[in-house]
Every structure is written in C-alpha cells, then in structure tokens.
Amino acid sequence: MILTNDQARKALGMMECSRHFEERLQRYFQQKAMHGTTHLSIGQEAAQEGLALALDDGDWIVPTHRHHGHTICRGTDMRAMFSEMWGSRYGICKGLGGSMHMTDISRWNAGSSAVVGSGIPIAMGLALALKKRQSRAIAVAIFGDGATSRGTLHECMNLSSVWDLPLLLYLENNGYGMSASVKDAVATDNIARRSDGYRIPWAQADGNDVEDVYAKAKVAVDTIRATGRPYFLEVITYRENGHSKSDCCAYRSRAEEEAWRKKDPIKRFCHRLIEEKVCSEDEVQAILKGADEQVDEAARQAEMTKDQVLSLDEAKGFVYADSVITKRTEGQVHHTSYRNAVREALDEEMERSQSVQLWGEDIGTYGGCFGVTGDLCRRHPGQVRETPVSEESFTGMAVGASILGIKPVVEIMYGDFVTLASDPLVNHASKLRFMSAGQLKCPMVLRTPLGSGTGHGSQHTQSLEGMFSGIPGLVVVAPSTPHDAKALLKSAIRSDNPVVFFEHKLLYAVEGEVGDETSLMPLGKCDIKREGKDVTIVAYSRAVLTALEASGQLAAEGISCEVVDLCTLSPLDIGTVLRSVRKTGRLVMVEESNPHGSYGQDVIGQVAVSGLKLKAPMRMVAGKELCVPFTMRLEEQMVPHADDVVKAVHETL
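All of these numbers come straight from a predicted model, not from anything done at the bench.

Procedures and definitions
- Residues numbered from 1 in each chain as written.
- Predicted model: local features only at pLDDT ≥ 70, side-chain atom pairs only at ≥ 80, totals over all residues.
- Heavy atoms only, no water.
- Buried < 20%, exposed > 50% of the residue type's maximum accessible area, 1.4 Å probe, protein only.
- Helix = DSSP H or I, 4+ residues; strand = E, 2+ residues; numbered from the N terminus.
- Pairing = 2+ DSSP bridges.
- Phe/Tyr/Trp six-rings, centres within 6.5 Å; stacked < 30°, edge-to-face > 60°.
- Lys NZ or Arg CZ within 6 Å of the ring centre and 35° of its normal.
- Disulfide = S-S within 2.5 Å.
- Contact = heavy atoms within 4.5 Å.

To continue, consider the pairing of strand 3 (residues 167-173). The element strand 3 is extensively covered by neighbouring structure, given that seven of its seven residues are classed as buried. What you see with strand 3 is no split at all: Leu167, Leu169, Leu171 and Asn173 on one side and Leu168, Tyr170 and Glu172 on the other are buried throughout. Across six bridges, the pairing between strand 2 (residues 139-144) and strand 3 is parallel. Paired with alanine 139 across the bridge in strand 3 is leucine 167. Here six bridges tie strand 3 to strand 7 (residues 231-236), and the two strands are oriented parallel to one another.

Below, the structure written as structure tokens:
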C-alpha cells in the first residue's frame, strides 16, 4: 500500500463521508423535502479523495456541478453544505448557490460551475495568477467526459501550454455525458492522449482505486510544480446513480451497472485495508460508522435552521460590489483624440499598478485592430500579452485571474465577437459575487468597439450593448467623448465589479479635452451634456454627438433641449433621467441599435411606469430593423441623424 496508515484511514473516512452525504441528499429529494435539483457522484469517491490527498493547502480547485465529494474532501464544513442545500443563510454561500454552485475560499475552492466545461478557463486564470505571484501552488480544472467535446477545453489546453501555466486538467470520465455514452459522443478511446497535440504530458488512472488515483495525481502535481506547465490526468470511473434526481438511467443496462458496483471504490478499499492488515474488520466498520455519524449530525444541525433564509434586500446586496470611485474629480486638461484617451487610461493604470494586465488579439507590436493599444507593449512589456484567437478561453481566464487580485483588461477585437465570450461574462463574471455570497469578486474589464459606419458588413458592425445591459452584476459603460472615455475607463479598471466597456468605432478619431491621471468619473451615473427646459434628449455613445448636433439646431429655433448622456447603461442612473423629464415634461430617446427589444425601449419603459405626468408622448429615434448593410449609402441610412432627432423633438412640441 502506497498510502501511510494515517492517510489510508483518512481516505476511507472521507470517501464514506462523501457517499453518506449524497445518500442523505438523495433521501431528502425522494421525500420532496428539498427544493431544486442535485447531481450525485455516488461511485466516484476514489476520484475525489485521491485528488484531494495529492493537493496541498493553497492549491485551488474549480469543480463541476457534480462536486459534493470534492468539496467535502477539501475540508469544507458539511453542516454548511447541508444548509446551502436547504437554502439557509447559514449555508456555505448563504443559500444563494445551492447544489451546483458551492464556493469555499477558505478551502481554496473557487466555486463549482454548472455550465459544462466553463470552469476550465476559470481554473486557467487562477493558474496564471498563481504564476504571477511566483507561488508553488497550482490550479485544478475538474470536468467530465462531456466537457471534452467543448471547444473551450481545447482553447485552454492550447493557451495553458503556450503560456506555461501550472494547471492540472482533471478529467473524471464516468462513461456518460448526461445520457450520451462516451462511445457514441467521443471520437477516441483515450481522451487523455489528445494532450500530445498540445505538448502536455498525460496519464490515466483507475478512478475506482483511491491509491491509483492518488499515485497518478501526485505525479501530475509534482510534475506541474517542477516544470510550471500543465498536465492532463484522466480517471476512469462510474456514477452509480443517474445524472440528476429525475434520471432513471434508461440509457444504460442493469448488467453494466452491476458490473461497476462490483468495483465499488469504498468496498474495494475496505477489502484492501483488511487484506493488507492496515485495519481489522472491526476498525474498518468503526471508521465507516464514525463517518456516517459525522454526516448525520451535520444534517441534523442544518435542518434545525433550514427556514432561516436571507431577505430579498440582503440577497440584492451581493449583486454589485461597492463603488470604488464615488465622485467626479478633474485635473489638468489637454486636447487629444478618443483613441489616445483610451490609450492614456490604460497606460496610466498599468503604470499605477502591476496587477493591471492587458490581454487580447493583435494588441502587441501591431498596436490593436483600431490602433488603440499602440506602443503599450513596449512601455509595459510584462503587462501586455497577445492571445490566440480564443475569446472564450482568455475571457474566462480573466475571470479566474481576477479572483486572485489580477486586474485584467481584455480587448475583444470587434463587439460582435463578444458573443464568443458571453459564457464567462454572463454565467461567471456577473454571478461570482452573488453565487458565492460575497466570497469572490471579479474586478475585470472587457473593452470592445461597437457600431457601424466602417463598411465592415453585418458581422463586424452590430450594437450588442443591450444584450449585456440586462445581466445583473455586469456594469456596462458606453462613453461618448474623449474625456469620458479616459475617466470612465480608469474608474472601470479600479472597480471591483466586472465592466463591459463599449467604444464606438467612429468615435476613435473624435477630438476633445481630456483630463490628466487624476481625472475620474463614477460608474453608474449620467452626465448632463447640455442643460435645457423644453425637452429631454437621452442618448449614449456616439448618439450623444447626434443629440448635441440636433440640440444646437433646435436652439437656433428657440427650443431649449437638455441632453442627458447615460454614460453607464447598467446599472442605470434612472434618477437623473426622471429629474430631467420631470423638468421638461418631454422625452426623446436616441440610440443607434435596432429599436426592437433595445436598451432605449427600457429607458422609455422605466419613465412610463414612473408616474410622471408628461406633456407629450415619448419618442424613440433608433437604428433600422435590419442587419447592417455593407453598401455605404444603406449603412449611412441605418442610424439616426440630427435631422431625425430634430423631427422627433418637433413632434413632442
């Protein structure tokens, strides 16, 4: 036996804790006592404890939705886990995560991911942050065989190898991705061997033999610590239960299930302990009984407080971190372009803190697709890194790295390509703080250009800001002037929230007054660009310039317009909008995106339900409802112009 006697006894106790914990959950759900769903891993206990034995304190894990055993084996309090399952405020995540989303930073667990495979780039980001700290710790991405068909795994294998990251890719191959057999879904009989194509060493282990898992995991972990490079370990195991609580396993035979039960990891290990005289049969039974009693007591205590849940207001407090920049500051000003203003913000913030890192495609010597990054790679060689064309993986990496104090600024070449990075943004960055009940935060920025006018056609010119503005937890910013672009980007980088920062392509060449390194603007606040009394015009991004041009024409007619620049789309400063509309009694909303389901419609809707008495119906001036054409004349007709705004204002009067 390669385990010491103490390790062996501990391993048996932890495996039994995992087994009995899930048996208790299964019973609760069968009795319809618990809400929601759960994914059990009965039969996979050796894969969980074998890995845990090979890890040290400080090594981070990012498990899957089938993670109770991994969480228990890393030392998390089982009472808090049961409480989480009840939805109690005493849960590990105060009842906000549930079965599929458990985080415990005290045990280096960055939270389980319920989206298959999407935790892998998070773990890669943790690995990068650990490398930046020059730590000997590693990060572990735990995933199932179903995830091996996802592109994000292959992106991460490539990037972690190219960047030499201390990442253990830990595949629990239990034979089925939900109901899909590996034989039918995966085009190889040795998934780990794919690692050869990425120059990553690999091994396979018997996932129902805790000693074999430990031995192979120990080699993997030691290799990563010695080389600083990734390693792929595939453990072959089997889940004895269905995918989830409602799965009757119609897709597999009873004979197959019985064959695997004969290789049950706990029974197998008990037999070995007795056979090798590590424990007597009575001692083995005592260990099993002690583990069961420990679980039962944790369940009993949790059930006593199961009805003590957070209030809605308490839960809302975990959506956003407190603002770092709460008021506007101004310094010395100078004249420059929007493009240079963004570059100045990046330059100053990277100079201010080594934790600020800029990642993206072609942002090095090339200077960025729109020339924004310029020579920043020369000025900050250790902080600017070019990535492969793999938006999902490096955006997810930014999420993971932000957990450990890195301040990533991700550049996505075109706003259209943010759809490729939407999983880490929508399912992770925006929800980390909430699902972990404040244990985690995600201080990252994703910058990307939006809008038409450049002749790039339908896949490079969309305005997708509305897609992300309705996601609680994401801050969405769309500045209209060089001054605001710099001040808001600096504030975004200093924020403890994830920020999506949209820069309109046609604004890059616009020039104006820009502040120095002390100039900052608070996120979540509108800016009155022009005061007036007859009508309120609300706009954001380039549409603000259109609104200002129209207000100038209307002023010549004696019509006084107040132009409200939203600046931050989410969270929306609706108070400033309502105060302006209360004063003028009229509202014209201006934006360049498709009006159907647009952001502007939401602004109009909020004003409509506010109870304000308006002097005229509200008007919407927006882009046309079609894909952005390549033809110049049609592309110009796609977006609103000053004359359209003037006409709308006349209609309100």
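Back to the write-up after that little detour.
Right, let's get into the packing of aromatic side chains. Tallied over the entire structure, the rule returns twelve aromatic pairs. The interplanar angle of 65° and the centroid separation of 4.9 Å between the aromatic rings of tyrosine 28 and tryptophan 86 together place this pair among those described as edge-to-face. One end of the pair, tyrosine 28, is in helix 1 (residues 5-30); the other, tryptophan 86, is in helix 4 (residues 78-86), and 58 residues separate them in sequence. The pair tyrosine 28 / tryptophan 86 is uniform in exposure class, with both members buried. Between tryptophan 163 and tryptophan 359, the ring centres sit 6.3 Å apart and the planes meet at 70°, which makes this aromatic pair edge-to-face. Here the residue tryptophan 163 occupies a position in the loop between helix 6 (151-162) and strand 3, and tryptophan 359 occupies one in strand 9 (residues 356-360), the gap between them amounting to 196 residues. Tryptophan 359 carries the same exposure label as tryptophan 163, and that label is buried. Positioned above the aromatic ring of tryptophan 86, the side-chain terminus of lysine 306 is 4.7 Å from the ring centre.

So, about the state of the cysteines. One pass over the full model with this rule turns up zero disulfides. The closest cysteine sulfur to the non-disulfide-bonded cysteine 270 is located on cysteine 279, 8.9 Å from its own sulfur.

The subject of this paragraph is the environment of isoleucine 92. Along the polypeptide, isoleucine 92 turns up in the loop between helix 4 and helix 5 (119-132). For the pair isoleucine 92 and methionine 78, spaced 14 residues apart in sequence, the C-alpha to C-alpha distance is 9.0 Å. Among all residues touching isoleucine 92, those that are not within four sequence positions of it are Thr76, Ala80, Glu84, Met102, Thr103, Asp104 and Gln439.

In this section: the environment of alanine 286. Inspection of the secondary structure assignment puts alanine 286 in helix 11 (residues 281-304). The class of alanine 286 is partly exposed, set by a relative accessible area of 47%. On a C-alpha basis, the gap between alanine 286 and alanine 187 in space is 45 Å, while along the polypeptide they are 99 residues apart.

Just geometry here; none of it tells us what the structure is for.
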